Amino acid sequence: MATYADLQPGNFYLLRGEKDTDIELISVLALTDKCMLLRSFGQIEEDFWKKRTDPIEEIVEELDYESASAVLSLYDEEEEEEEWEEEDE
C-alpha cells in the first residue's frame, strides 16, 4: 500500500486518502523528518499535515504542473461567474 512518503514535492496528485472518501487534488508543500504539509485543492483550499508513514488508499494519478493548472483554472472560472452574479443583484 502507498504511503505519503511516496509523494514528491512540486508534484500534484489525484488521490483517495482513505477508503470511501472522495478523490482530491493535492500537492506537497513542505517536508520534515517525519511529516508532510499538504495542500488540498478544490472549492476551498486546505492545508493539512500527515505522517510520512500514513497509508494512502489509492494514488489515482500523478499530474504535472500544466495538467494541475488546467484543473485548478476550472475553479477560477466558477469564482468569476459567482462574482458576476453578485454584481448583477
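So, a few notes on the structure that sits alongside this text. Keep in mind that this is a model prediction, so the values were computed, not measured. (Residues numbered from 1 in each chain as written. Predicted model: local features only at pLDDT ≥ 70, side-chain atom pairs only at ≥ 80, totals over all residues. Heavy atoms only, no water.)

Brief notes about the side chain of S27
Mapped onto the fold, S27 is located in strand β3 (residues 24–31). Residue class for S27 comes out buried when judged on its relative accessible area of 6%. Beyond its immediate stretch of four places on either side in the chain, S27 contacts N11, F12, L37, L38, R39 and F41. (Helix = DSSP H or I, 4+ residues; strand = E, 2+ residues; numbered from the N terminus. Buried < 20%, exposed > 50% of the residue type's maximum accessible area, 1.4 Å probe, protein only. Contact = heavy atoms within 4.5 Å.)

Some points on the environment of E24
Examined against the element boundaries, E24 turns out to sit in strand β3. Exposure remark for E24: the relative accessible area of 25% places this residue in the partly exposed category. For E24, the side chain forms a polar contact with the side chain of S40, separated by 2.8 Å. (Polar contact = N/O pair within 3.5 Å; in protein donor to acceptor, adjacent residues only side chain to side chain.)

Focus: the sheet that holds strand β4 (residues 35–41)
Spatial strand order, β5-β4-β3-β2-β7: five strands in an open sheet with antiparallel pairing. A strand with exactly one partner marks an edge of an open sheet, and here the two such strands are β5 (46–51) and β7 (58–63). Neighbouring strand axes in the sheet, compared pairwise and without regard to direction, differ in orientation by 35° on average. (Pairing = 2+ DSSP bridges. Axes fitted to C-alpha atoms, helices over the stretch in contact; angles between N-to-C directions.)

Examining the packing of aromatic side chains
Tallying each qualifying case throughout the model produces two aromatic pairs. Here the aromatic rings of F12 and F41 are separated by 5.8 Å at their centres, their planes lie at 45°, and the arrangement is tilted. Placement of the pair is F12 in strand β2 (residues 12–16) and F41 in strand β4, with a sequence separation of 29 residues. An angle of 55° between the planes, with centres 6.3 Å apart, marks the rings of F12 and Y65 as tilted. Here Y65 lies in helix α1 (residues 65–88) and F12 lies in strand β2, a separation of 53 residues in the sequence. Y65 gets classed as exposed once you look at its relative accessible area, which sits at 60%. One aromatic cluster is present, formed by F12, F41 and Y65 through successive ring pairs. (Phe/Tyr/Trp six-rings, centres within 6.5 Å; stacked < 30°, edge-to-face > 60°.)

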